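Breakdown of the fold
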Amino acid sequence: MKRNQNLETGDRNRGAQTSAAPAGLFGQLADFFDDRTGYRALIHEALYERVPGGARWRYVWGSALVFAFMTQLITGLFLWSSYSASGQTAWESVYYIQHEMTGGWLLRGIHHVMAQAMVVLLALHLMQVVIDGAYRAPREVNFWLGLVLMMLVLGMALTGYLLPWDQKGYWATRVATNLASLVPVIGPALQQVVVGGPDYGHHTVTRFFAIHAGFLPATLVLMLVVHLSLFRKHGLCAKQPLLKPDAMFWPDQVLKDAVAMLAVMAVVLGVILMPCLRAMLEGRPIVLGELGAELGAPADPSQPYSAARPEWYFLFLFQFLKVFEGFGASGEFFGAIVVPGLVMGTMFLMPILGRWQLGHRFNIAFTLALLAGVGLLTAMAMNEDYAALWADRAAFADVEKVLEETENDKAKIATHCGNDAAKIAAFEARVKKLEKIRHSQSFLNAVAQAKADGARAIELAGRPERIPPAGMLELVRNDALSQGPKLFAQHCASCHAHLDPAAPEAAVGLAKASAANLHGFGTATWLRGLLDPKQVAGPAYFGNTAHKDDDMVNFVQNDLTDAATWKPAQIEAVIAAMAAEAGHPPAGATPAVIEEGRGLVADVDRCGSCHHFGKNEVALGSAPDLSGWGGREWLVGIIVDPTHERYYGTENDRMPSFGKADEAAAPMLTQQQIGLIADWLRSEWYRPALHGH
Amino acid sequence: MSQLEPSTEISGSDGVPPTDRRSFLTKVAAIVCGGLATLPPVAAGIWMFLDPLSRRGAAATFLPVTELSSVPDDGLPRQFAVVSDRVDAWTGFAAEPIGAVYLRREQGSNTVQALSATCPHAGCFVEIESQERFFRCPCHNSKFTFDGGMVAPSPSPRAMDDLECSVAKNGSIAVKWQNFYTGVAEKVARP
């Protein structure tokens, strides 16, 4: 180490002078501690590091990284004080931090955004070190330490992603840990140890937490101490030529470092508070819990999560793996283990290669190429995911039409293209482009769905009854608003539509449905359509069913249109009565009108000629029972078994008995699932009070 | 290294305390910037850490405990669980035992005495010593008579805490569930 002895001794003397002239009590106290600890010399050692050629902005990256890490340490420790690591409490405690604890959103936001800033700073620091050739002798070991530190930081980023135990973290971690199982020989065991068992659960969270907040940071701190002391031992690797006279680390370089830290923190706060500014400009109220880090719906292995993506800085790896699609496990092994291993290996060799001028140039070129490659892969991944945002799908309307007409049949497409090879190829190229837009669109839809699910989970967590002891998942699984549409899509939508008839594209969907449109089922609007001669045989009601020529259609089209027997006011009264029966009494309907309607429905010369209702003596079996029609119990009943005499009996058209177990098999849907569908159709779900709790 | 000539830039640390304004301003600026940069994580952390101060426990309310017929009028205390809905941070527990009370009734009386099972000394769970016919706290051996009175010498600064108790006409007993500060002579309810 080449140090200027004058400087060293000069400063030592200064320390001695200060202690010789104590300034009052404070000075005496300082002397007391200095005599026993020698702290002045330590501070001196820390601050008066020679900076050859004076302070420069290009030296700030290392300090900025240390600052970022310290921020993570501070915010992480505080987050630890409120985080509860288990499958049933991780999401819940993060929700509590983010949405209920004072300042939790800010604390978590800083931790989340600073983690990303750290990755950026890592790349900058690495680039600066390579370009300046700071890895050359005698600094090789410190360069290697830096690479290890980089991997530790990336490891913390990876493990931290899981801790909220939401869908996003859960599915991303499943992928990451499955990739770990590709490691030769020890892979499967490694995966099982990290996951904490054969399946994901309590111990996945506790282990990831211990790794994230214990093993990795402890190792990192140790490595960082060595990294910094080696840095001090070798001195700063000054960029040649030196522009100015030498200076001390304190205060010139410290000021530049501090400004860089402040800039980093300002960017982090800016990212956190940006939505706040947007909300203010758009005049929307600011919800603090929505700032900072996102929290999705709680992890649910039974729900698909098509929006699963790693954090943006790992997106390039995600995209890189796609290159190896179609090569099976060996391709994945190559992409996830071999190539990254080779890249890291090359980086470890940099100090050796850098001994030659050509090698140094190679190192710079390699680093820049690597960053460019990462950038390119990230851009490709983004493009694949978000293409639908800027692609013009309308330009492919003709392709979509042809695909639908030909049912994507190769022979038919060939005929359509006049069996001209060039035309077929051109068409197929456009199909490929269209597919990309479609994939992107489904990703965007999945993201929107994920956002809605997350927001709903947070809304439910704020109920006055709070979260059940079994955890948030139980609440989400019992929520009609979020589960209803999914169950309907899986079990009902192959026949039934659920489309607002007033929506612009409803007609297309309705034409495809082969059973009644259940949107607004039980409401006066729905009933008005049913009793409309023009609509009853249309696709929204009986048009696409076996009942399209049956008594009900006949009755609506012939009897109801006879103004002598059915006055419009009477039809309205029936509508009001039935809507009230379903629990959706129309706003304007008086009890008298409803009572009149009930009488008309029960009347054996009118509705009562087929339908059982109230006290009329009509036997069940000729038409669906109208007692309790559209109510929860009635709806659950028809989903359980539409062939029951209370509903369609032997006249039932294709609808399965979802809740009826036969000897061989369990019912298709559980009572709870059927209840959720019924509640959703009836728009019955938890709604928060306007001012929350 | 030929560049390492002492210069005016570093003379400030060369034996003489730095006096020139530029260096002083640089130091102040460095400290201010560094402090400002570190402030947000520390402040946010402390802000969240102090969140418990803004939380209040459930208000003291009368909770149904048992029936009069379950408390024999023999002057002996009996232990009953106090059941209530409870919120623990994010979790809502429905009808959960949240604590215990001792109820006792003198012969022929219809009034019930309710004693908190929490020792006023340090908050341990006071137990019935039925053979010796008194309450004893297992932690520091505070002793109390069955009506909650002090048995000297005792580490407890006060007698057992009486809880307000009401007996409805149909015989159902409700107790006003409250916690008190321990270790002081005065009985002060916790907020």
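All residue numbers refer to position in the chain's written sequence, counted from 1. Throughout, the order in which chains and ligands are written sets their labels, letters from A for the former and numbers from 1 for the latter. Where local features are concerned, this predicted model is filtered to residues with pLDDT of at least 70; where side-chain atom pairs are given and counted, the filter is 80 or more; whole-chain, interface and lining totals use all residues.

**With respect to unusual backbone geometry**
Of all residues except glycine, most have a negative phi; of all peptide bonds, most are trans. All names here are of chain A. A cis amide bond links alanine 137 to the next residue, proline 138, at an omega of 5°. Strands are runs of DSSP state E lasting at least two residues, helices are runs of H or I lasting at least four, and both sets are numbered from the N terminus onward. Within the secondary structure, proline 138 sits in the loop between helix 6 (104-131) and helix 7 (140-160). With an omega of 0°, the peptide bond running from tryptophan 250 to proline 251 counts as cis. Tracing the sequence through the fold places proline 251 in helix 11 (residues 249-282). Of note, arginine 466 is a non-glycine position whose phi angle comes to about 65°, a positive value. Looking at the element boundaries, arginine 466 is found in the loop between helix 17 (421-461) and helix 18 (472-477). Buried residues are those with 20 or more other C-beta atoms within 10 Å of their own C-beta, exposed residues have 12 or fewer, and partly exposed residues lie in between; C-beta atoms are placed from the backbone. Taking the number of C-beta atoms within 10 Å as the measure of exposure, arginine 466 has 22 and is therefore buried.

**With respect to helix 2 (residues 21-49) of chain B**
What a helix should span is 1.5 Å times the count of its residues minus one. The end-to-end C-alpha separation of helix 2 of chain B is 41 Å, in line with the 42 Å expected for 29 residues at 1.5 Å each. Bend is computed residue by residue as the angle between axes fitted to the seven residues ending at the residue and the seven residues starting at it. Its maximal kink placed at B:Leu39, helix 2 of chain B deviates by approximately 35°, while the proline B:Pro40 follows within four residues. Here helix 2 of chain B has its buried residues at B:Ser23, B:Thr26, B:Ala30, B:Cys33, B:Ala37, B:Pro40, B:Pro41, B:Ala44, B:Gly45 and B:Met48. As for helix 2 of chain B, its buried residues are in contact with helix 4 (60-80), helix 5 (90-99), helix 6 and helix 11 of chain A. Any pair of residues counts as being in contact when their C-beta atoms, constructed from backbone geometry, are within 7 Å of one another.

**A closer look at the pairing of strand 3 (residues 91-104) of chain B**
Residue and element names in this part refer to chain B. Should DSSP find at least two bridges between two strands, the strands are taken to pair. Bridge count for strand 2 (residues 78-88) against strand 3 is 10 bridges, and the pairing is antiparallel. In the strand pairing of strand 3, valine 83 is matched with proline 97. Taking the residues that link successive antiparallel strands as the turn, the strand 2-strand 3 hairpin has two residues, and the phi of alanine 89 there is positive, at about 50°. The sheet contact formed by strand 3 and strand 4 (residues 113-116) spans four bridges and is antiparallel. Each bridged residue has a counterpart across the sheet, and for valine 101 the counterpart in strand 4 is serine 116.

**Quick notes on the nonpolar core**
Residues and elements named next belong to chain A. We define the nonpolar core as any set of buried residues of the types Ala, Val, Leu, Ile, Met, Phe, Trp, Tyr and Cys, connected via C-beta atoms lying within 7 Å of each other. Judged by nonpolar contacts, the single largest core of 94 residues is most densely connected at Ala64, Ala68, Met118, Met261 and Val264. It is helix 6 that provides the largest number of residues to this core, a total of 14 residues. In contact with alanine 68, other than residues within four places in its own chain, are Met114, Ala117, Met118, Leu121 and Val264. Counting residues in hydrophobic clusters, the runner-up holds 50 residues, among them Leu510, Ala516, Val574 and Ala579.

**Quick look at the sheet that holds strand 4 of chain B**
Residue and element names in this part refer to chain B. The strand order across the open sheet formed by four strands is 2-3-4-8, and the pairing between neighbours is antiparallel. The open sheet terminates on both sides in strands that have one partner only, identified here as strand 2 and strand 8 (162-163). Pairing of strand 4 with strand 8 involves two bridges; the strand directions are antiparallel. Within strand 8, the position partnered with alanine 114 by the bridge is leucine 163.

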